[in-house]
Amino acid sequence: MNITVLGSGRWASFLAWYAANNGHSTLLWGRPGSPSLAGLMETRANGYVTLPQSVGLTDDINHALQFGDIALAAIGAQQLRSFLTELPRRPRGSLVLCMKGLEEGSGLRLSQVTAECLGDVPVAVWVGPGHPQDFTGGIPNCMVIDSADPNLTRKLSDTLGGNLIRFYYGEDLIGTEIGAAAKNVIGLAAGMLDGLGLSCLKGVLMARGAREISRLAAKIGGREITIYGICHLGDYQATLFSPYSHNRRCGECRVTGEPYAELAEGVATARSLMSLSGDCGVDLPICSAVNDIFEHGREPKEALAGLFLRSTKSEFYL
């Protein structure tokens, strides 16, 4: 297949590396003037991957959109709408969203944003655990592809799977997107527990986090069980424990006072989840505490203590 990767950052460069190593003709696009694209053009490496010579590099968006039977988009979730509305043409083939988040303000899932901007372009999401540093070191993992069209889901999963990544077919696009976005918020909380020397509480955080998000998914039309799969609970190791997790590290730095310049999508997702929580009447205590810390400057130790020391409840309610 011809595969276009839209984006030139950490995950985008890995996707290009992965697609090329699986035998696909691959073209990576970055914005004109992008430092990350310039670095790849100069050295074909960026500290995460070294791209094979077979991977094409371009800043011509028309060429990129025309090239791919499949376009893999890996940009910041909050930039998706502006990116899509600026496209000079629709992608030639299907569009796979390889990022996790909810649109700030609207609270829309990224597939919904895409539908508003591009109409009936076939769209899917690629989510689940994994970091470029692990994959390029030969460590495999399992991930999920989901869409509203089961035939598209199966086609993409079969086409994009390989020795490093085994794909599962998603069957609940709402739950998959909500779970994948919200796990970054739980990752922020996990990082703050690390920073406070309370890593022992991550087990409780995982149990309560999955339950909290499962209730939200069900309320907005998804399935509770999806949250206990790879899109959310199955991604906890990579997000709550890995040293490569941007969200975990961002939460830790929030406690220790260290600067952190990398993108942590969970911060914006927490704000969006607060809007959804109010709209549908679902209590999200973990997400609310994280949002209070990052949005309103609440002291982390106080906010997190409130989570674990609140009034006694049944274990099965959490």
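Residues numbered from 1 in each chain as written. Predicted model: local features only at pLDDT ≥ 70, side-chain atom pairs only at ≥ 80, totals over all residues. Heavy atoms only, no water.

**Notes on the sheet that holds strand 5 (residues 94-97)**
Working step 1: Across the sheet, which stays open at both edges, the 8 strands sit in the order 3-2-1-4-5-6-7-8 with mixed pairing between neighbours. A strand with exactly one partner marks an edge of an open sheet, and here the two such strands are strand 3 (56-58) and strand 8 (165-169). Ignoring which end each strand starts from, the neighbouring axes of this sheet average 25° apart.
Working step 2: Examined bridge by bridge, strand 4 (residues 70-73) and strand 5 share 4 bridges and lie parallel to one another. Bridge assignment links A73 to a residue of strand 5, and that residue is L97.
Working step 3: Contacting strand 1 (2-6), strand 2 (25-29), strand 4, strand 6 (123-127), strand 7 (141-147) and strand 8, helix 1 (residues 10-21) crosses the sheet at an angle of about 165° to strand 2. (Pairing = 2+ DSSP bridges. Helix = DSSP H or I, 4+ residues; strand = E, 2+ residues; numbered from the N terminus. Axes fitted to C-alpha atoms, helices over the stretch in contact; angles between N-to-C directions. Contact = heavy atoms within 4.5 Å.)

**Re the side chain of S8**
Working step 1: For S8, the location among the structural elements is in the loop between strand 1 and helix 1.
Working step 2: Within the structure, S8 has its side chain in polar contact with the side chain of S34 (distance 3.4 Å).
Working step 3: A distance of 2.7 Å separates polar atoms of two side chains, one belonging to S8 and the other to S36.
Working step 4: For S8, the residues in contact, after removing those within four places along its chain, are L28, W29, G30, S34, S36, L37 and L40. (Polar contact = N/O pair within 3.5 Å; in protein donor to acceptor, adjacent residues only side chain to side chain.)

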